[in-house]
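Remarks on the overall topology
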Amino acid sequence: MKISKIRYNLCFLFTTFFVVSGILNAQNSLPVEFTASPSKKSYIGVFNKNGILYGSLNDLAQIFGLRTYINTETKKLEIASEELTLKVTANNPFVVITDKKENANLLQLPVPAIMAANSFFVPLESFMPMWKSLVPEEIIFKRTGITVGAELPKSRFDVTSVSFEEKSNGLLIRLKCTKPITDYECWPKQIGDDTWLYVSLANTRADINTIRAIKPTGIVKQILAFQYPTSVQLTFRLRGSINRAEPIVAENKTDILLAIQTSTVEEAAARKTRAYERELQRQRDKWKMDVVVIDAGHGGDDPGAIGATGIREKDITLAIALKLGKLIEKNLPGVDVVYTRKSDEFVELYKRGQIANKNGGKLFISIHCNSMPRRNRSENGFEIYLLRPGKTESALRIAEKENEVVKLEKDYENRYQQLTEENFILLTMAQSAYVKYSEQFAEILTQEMGKHLKLSNNGVKQAGFFVLVGASMPNVLIETGYISNREDEKYLKSSKGQQEVAEAIFKGIRRFKEEYEKTLREGKEIGTR
Ligand SMILES: [Zn+2]
């Protein structure tokens with residue numbers, strides 16, 4: 001409906017004589033049906049007077065969810081939709097429809113409106129066309145009922161424009177829509193000093209050009225609008241941070257209002273601190289060293305290396321692993337021990353990492369014994385290995401030997417990639433977060449083992465061990481000694497020697513845990529030392 005600016009004077013006064021009780025007795029109801037939602041069926045109060053059907057405006061407003069305002073003194077009723085305000089005066093045939101810019105349109109009913117018990121009644125047949133301008137739906141009026149059909153397309157766009165209204169504690173963004181949009185999302189994200197408010201509207205077409213032409217005002221710094229084949233993305237860059245953004249359907253049932261509650265500088269700072277502390281706590285919990293995974297090398301059909309006098313590597317590694325586990329359980333309350341094997345059984349290498357990950361391991365220790373061919377029986381001592389491409393010939397040889405067991409596994413060629421330099425980069429990328437901690441632990445371990453064991457200390461080395469590849473946590477592989485060397489073998493096969501090795505490793509774990517958790521407590525960023 002076109003709104004024209006007119007001035008008007010009321011020249012005539014209409015006087016209606018009418019007995020309230022008479023009307024109420026005659027009152028009846030008229031059904032209002034919604035084709036889109038039949039269950040929504042309502043009724044408005046009506047009565048018949050001189051062959052004219054009068055209907056309750058109050059009821060109509062209520063059914064359509066429009067706000068009403070009654071002035072009992074002036075006997076005026078105002079009904080406001082999003083864009084228009086409709087005014088009716090009792091005993092007066094004129095209906096005034098005003099838009100937001102105060103443009104008024106004066107319309108005349110064939111008979112005056114009637115006010116009875118704070119309810120306003122209008123002749124429906126002539127009034128309903130006026131009502132259509134207030135509501136978006138198609139209205140079909142018959143004396144037997146009102147049918148509210150689908151909404152009429154006013155525009156080929158579902159979202160025609162965007163407007164902003166500054167409030168004392170925030171901002172109201174109105175998405176002007178020509179139909180109710182049911183599938184939409186709105187989420188804020190603080191980036192730097194600004195908040196980006198993202199709004200996604202599914203199955204929607206927007207007048208992108210109009211929206212892009214809107215000049216940002218107030219805290220709105222930038223407006224971005226994109227039309228995708230079936231959806232619309234609107235982005236508002238807002239100055240400062242916000243407490244919350246809530247999308248609500250406007251009272252006209254089509255527009256979407258985004259209620260933005262901005263925050264004060266103090267609130268913003270406090271929230272930043274809270275978020276930082278939460279993140280820190282999350283990191284602390286995530287990294288807290290509460291599960292140690294002990295991996296006894298080899299087992300079952302895989303004996304590992306065979307010692308100078310025939311001792312099997314798998315038996316020594318299991319003995320040390322179990323002793324180490326007992327020490328942790330006894331002396332480090334709050335730390336759970338997970339074993340990849342607790343008996344003489346064969347466990348595939350890839351499964352060992354899986355066991356560690358599945359149990360939330362925070363430290364993975366693989367225990368092994370070294371050995372040399374007969375001519376090199378003098379080689380002795382322990383080594384700590386980090387998962388890296390092997391640099392020396394002996395490191396490569398040791399890794400190859402420890403990895404050889406995969407050949408006992410079915411389908412091993414597909415499961416384990418060649419640990420070439422390139423593969424390493426890819427495989428260990430997932431471990432990049434732990435590398436520094438693995439190094440730190442290896443360093444502590446070599447110090448503690450060197451201090452407490454009579455075995456010679458060959459230091460920290462690096463090689464590509466399959467068993468370490470899958471463990472997503474700080475990890476090391478310990479070659480506890482050379483069982484090809486008679487001295488080392490004698491020591492490692494003795495219960496006393498095994499206990500001492502376990503205790504030295506335990507001391508390393510305890511020291512690492514202390515230093516590691518101190519780093520976390522001090523809130524240093526993970527990954528820095
Ligand atoms: Zn081994």
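The sections below set out a description of the structure shown in this document. Since this is a predicted model, take the numbers as computed values, not measurements. (Residues numbered from 1 in each chain as written. Predicted model: local features only at pLDDT ≥ 70, side-chain atom pairs only at ≥ 80, totals over all residues. Heavy atoms only, no water.)

1. Here we look at the overall build of the protein chain
On a plain count of helices and strands, the protein chain comes out with 14 helices and 26 strands. Counting only contacts in the protein chain whose residues sit at least 6 apart along the sequence, the fraction spanning at least 24 positions is 66%. Here the protein chain displays about 27,000 Å² of accessible surface, and carbon together with sulfur accounts for 50% of that area. (Helix = DSSP H or I, 4+ residues; strand = E, 2+ residues; numbered from the N terminus. Contact = heavy atoms within 4.5 Å. Areas by Shrake-Rupley, 256 points an atom, 1.4 Å probe, with all protein chains shown as cover.)

2. Thoughts on the sheet that holds strand 14 (residues 170-177)
The antiparallel open sheet is built from 4 strands, whose spatial order is 13-14-20-19. Each end of this open sheet is capped by a strand with a single partner; those strands are strand 13 (159-167) and strand 19 (242-249). The average undirected angle you get between the axes of adjacent strands in this sheet is 15°. Bridge count between strand 14 and strand 20 (residues 256-262): 6 bridges; the pairing is antiparallel. Looking at strand 20, one finds that R174 is bridged to L257. (Pairing = 2+ DSSP bridges. Axes fitted to C-alpha atoms, helices over the stretch in contact; angles between N-to-C directions.)

3. Looking at unusual backbone geometry
Here the phi dihedral of N91 falls at roughly 60°; this positive angle occurs in a residue that is not glycine. Within the secondary structure, N91 sits in the loop between strand 6 (84-89) and strand 7 (94-99). In this structure N91 comes out as partly exposed when scored by relative accessible area, which is 26%. (Buried < 20%, exposed > 50% of the residue type's maximum accessible area, 1.4 Å probe, protein only.)

4. What about the sheet that holds strand 23 (residues 363-370)?
Pairing within the open sheet is mixed, and its 6 strands lie in the order 22-21-23-26-24-25. Each end of this open sheet is capped by a strand with a single partner; those strands are strand 22 (336-339) and strand 25 (457-463). Going across the sheet, the axis of each strand differs from the next one's by a mean of 25°, ignoring polarity. In this structure, strand 24 (residues 382-387) lies alongside strand 26 (residues 475-482), joined through 3 bridges in antiparallel fashion.

5. Structural notes on a positive patch on the surface
On the surface, R374, K454, R486, K490 and K493 cluster together into a patch of positive charge. Tracing the backbone through its elements, the reader meets K454 in the loop between helix 11 (435-452) and strand 25. (Patch = residues over 30% accessible without salt bridge, like charges linked within 9 Å, V, L, I, M, F, W, Y side chains within 5 Å. Salt bridge = Lys/Arg side-chain N within 4 Å of Asp/Glu carboxyl O. Lys, Arg positive; Asp, Glu negative; His and termini not counted. Charge placed at Lys NZ, Arg CZ, Asp CG, Glu CD.)

6. Remarks on helix 13 (residues 486-493)
Within helix 13, burial applies to D488, E489, Y491 and L492. Along the long axis of helix 13, the arc covered by the buried residues comes to 165°, so they all point the same way. In this structure, helix 13 carries R486, E487 and K490 as exposed residues pointing more than 90 degrees from its buried face. Close packing links the buried residues of helix 13 with helix 6 (313-331), strand 23, strand 26 and helix 14 (495-521). Two to three positions downstream of the cap, the backbone nitrogen of E487 sits 3.0 Å from a side-chain oxygen, assigning the N-cap of helix 13 to N485. (Arc of directions from axis to C-beta. Polar contact = N/O pair within 3.5 Å; in protein donor to acceptor, adjacent residues only side chain to side chain.)

7. A word on the environment of Y184
Within the secondary structure, Y184 sits in strand 15 (residues 184-191). Each C-alpha atom of the pair Y184 and S231 lies 9.4 Å from the other, and the pair is 47 residues apart in sequence. Other than its neighbours up to four places away in sequence, Y184 contacts S200, L201, P247, I248, V249 and I256.

8. With respect to the pairing of strand 21 (residues 291-296)
When you tally the buried positions in strand 21, you get 6 out of 6 residues, the bulk of the element. Side-chain alternation along strand 21 places V291, V293 and D295 on one buried face and V292, I294 and A296 on a second face that is also buried. With 4 bridges connecting them, strand 21 and strand 22 associate as parallel partners. In the sheet register, V292 faces strand 22, and the bridge partner there is V337. For the crossover that starts at strand 21, traverses helix 6 and ends in the parallel strand 22, the hand is right-handed. Two strands pair when backbone bridges link them, and strand 21 and strand 23 are joined in this way by 5 bridges, in the parallel orientation. Its bridge partner being in strand 23, I294 is matched across the sheet by I365. (Right-handed = clockwise from strand over helix to strand, strands pointing away.)

9. So, helix 3 (residues 124-131)
Regarding helix 3, the residues found buried are L124, F127, M128, M130 and W131. Along the axis of helix 3, the buried positions cluster into a sector of 160°, meaning they face one direction only.

10. Points about the environment of K454
Residue K454 is classed as exposed on the basis of its relative accessible area of 69%. Linking K454 and G381, residues 73 residues apart in sequence, is a C-alpha distance of 8.8 Å.

That's the geometry; what it means functionally is another story.
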